[in-house]
Amino acid sequence: HIDPADARRQRALVYDTLIQYCFRSGSTFLRMEQLQAQIMQRYGFAPDEALQTLIEKGVLVEEEGRLYDHRQHAAECVIAARLNHPEPPAAEPEDLDEGIKHVEETLNITYDESQKAAIRGFFNHSFMILNGGPGTGKTTVIHGILLLDQKLYPDDEVTLAAPTGRAAKRLAEVTGREASTIHRLLEAQFDEATGRMAFFHDEDAPLACDAMIVDETSMVDLQLMASLLKALKPGCRLLLVGDPDQLP
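Here we summarise the structure given alongside this text. (Residues numbered from 1 in each chain as written. Predicted model: local features only at pLDDT ≥ 70, side-chain atom pairs only at ≥ 80, totals over all residues. Heavy atoms only, no water.)

## Focus: the side chain of histidine 73
Residue position: histidine 73 is located in helix H4 (residues 70-84). Judged by its relative accessible area of 13%, histidine 73 falls in the buried class. Of the polar contacts made by the side chain of histidine 73, one reaches the side chain of glutamate 63; its length is 3.1 Å. Non-local contacts of histidine 73, meaning those with residues more than four positions away in its chain, are made with Val61, Glu63 and Tyr68. (Helix = DSSP H or I, 4+ residues; strand = E, 2+ residues; numbered from the N terminus. Buried < 20%, exposed > 50% of the residue type's maximum accessible area, 1.4 Å probe, protein only. Polar contact = N/O pair within 3.5 Å; in protein donor to acceptor, adjacent residues only side chain to side chain. Contact = heavy atoms within 4.5 Å.)

## So, the nonpolar core
Ranked by size, the top nonpolar core spans 23 residues in total, and within it Ile119, Phe122, Ile145, Leu148, Leu160, Ile213 and Leu239 carry the most contacts. Within the residue set of this core, elements represented by two or more residues are helix H5 (96-107), helix H6 (113-124), strand S4 (127-131), helix H7 (138-152), strand S5 (158-162), strand S9 (211-214) and strand S10 (237-242). Discounting chain neighbours no more than four positions away, the residues touching phenylalanine 122 are Met128, Ile145, Asp149, Ala211, Ile213, Arg237 and Leu239. Membership of the second largest hydrophobic core comes to 22 residues, among which are Leu185, Leu224, Ala226 and Leu232. (Core = buried A, V, L, I, M, F, W, Y, C linked by side-chain atoms within 4.5 Å.)

## Observations regarding the environment of glycine 58
When you line up the elements, glycine 58 lands in the loop between helix H3 (48-56) and strand S2 (60-63). According to the relative accessible area criterion, glycine 58 is partly exposed, its value standing at 34%. Between the C-alpha atoms of glycine 58 and arginine 71, which are 13 residues apart in sequence, the distance is 9.9 Å.

## Points about the state of the cysteines
A complete count under the given rule lists zero disulfides for this structure. Of all cysteine sulfurs, the one in cysteine 236 lies closest to cysteine 209, which takes part in no disulfide; the gap is 4.0 Å. (Disulfide = S-S within 2.5 Å.)

## What about the sheet that holds S5?
The sheet built from five strands is open, its strands ordered S4-S10-S9-S5-S6 with parallel pairing. Of all the strands in the sheet, just S4 and strand S6 (179-181) have a single pairing partner and so form its edges. On average, adjacent strands in this sheet sit at an angle of 25° to one another, irrespective of strand direction. As paired strands, S5 and S6 are joined by three bridges and run parallel to one another. Bridge assignment links leucine 160 to a residue of S6, and that residue is alanine 179. (Pairing = 2+ DSSP bridges. Axes fitted to C-alpha atoms, helices over the stretch in contact; angles between N-to-C directions.)

Structural measurements only, silent on function.
And the structure:
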């Protein structure tokens with residue numbers, strides 16, 4: 001019983017069209033001209049006034065012709081800022097290759113050159129992505145990183161996490177270390193004031209870890225990744241592990 005020309009209805013249709021597109025496509029934004037064309041085609045009205053109001057109210061963010069939901073935009077900005085400008089890595093450890101040989105002897109395996117490069121990368125960079133399909137040796141590399149870190153930095157606190165309980169359990173089983181879900185790690189709690197999930201750990205209460213390894217990263221959504229990055233203290237090394245073809 002709402003008039004099709006009601007401004008509230010038009011704003012709701014514009015917002016819903018944007019959200020549904022982003023949900024289906026996996027994108028965080030829709031171009032202005034695409035949204036305008038979709039609204040005209042589906043609902044038969046020009047959305048210019050509705051768009052202007054939503055942008056003025058801060059519900060949508062417009063950036064160089066791209067339209068974002070304000071929460072998605074804020075999360076993307078946090079992620080971009082943290083990953084584009086990481087803390088400078090510590091000096092490269094001495095005898096890194098000797099340490100890798102020690103790990104190979106301990107595990108009774110031989111790493112190939114790409115796996116050795118991945119292990120070196122963890123110690124030479126503050127941020128690294130390790131990706132590959134099933135059976136490509138990602139878990140073996142993680143195991144080697146943990147053993148070598150224990151040898152080089154015995155006081156290091158390395159935290160293992162994954163987006164789901166099942167993934168965290170599997171990570172714990174294959175590494176022999178404790179692993180938890182990201183929600184549990186950040187101490188998720190319901191905020192009655194906002195009606196949303198909130199986390200205890202953030203910039204003001206960072207996690208104590210010196211290094212963070214996140215498995216099954218392709219299943220981590222934008223909001224959760226932003227929350228995790230905000231909770232890492234300056235200088236904490238970050239390794240994201242995952243299969244780029246796991247999800248559409």
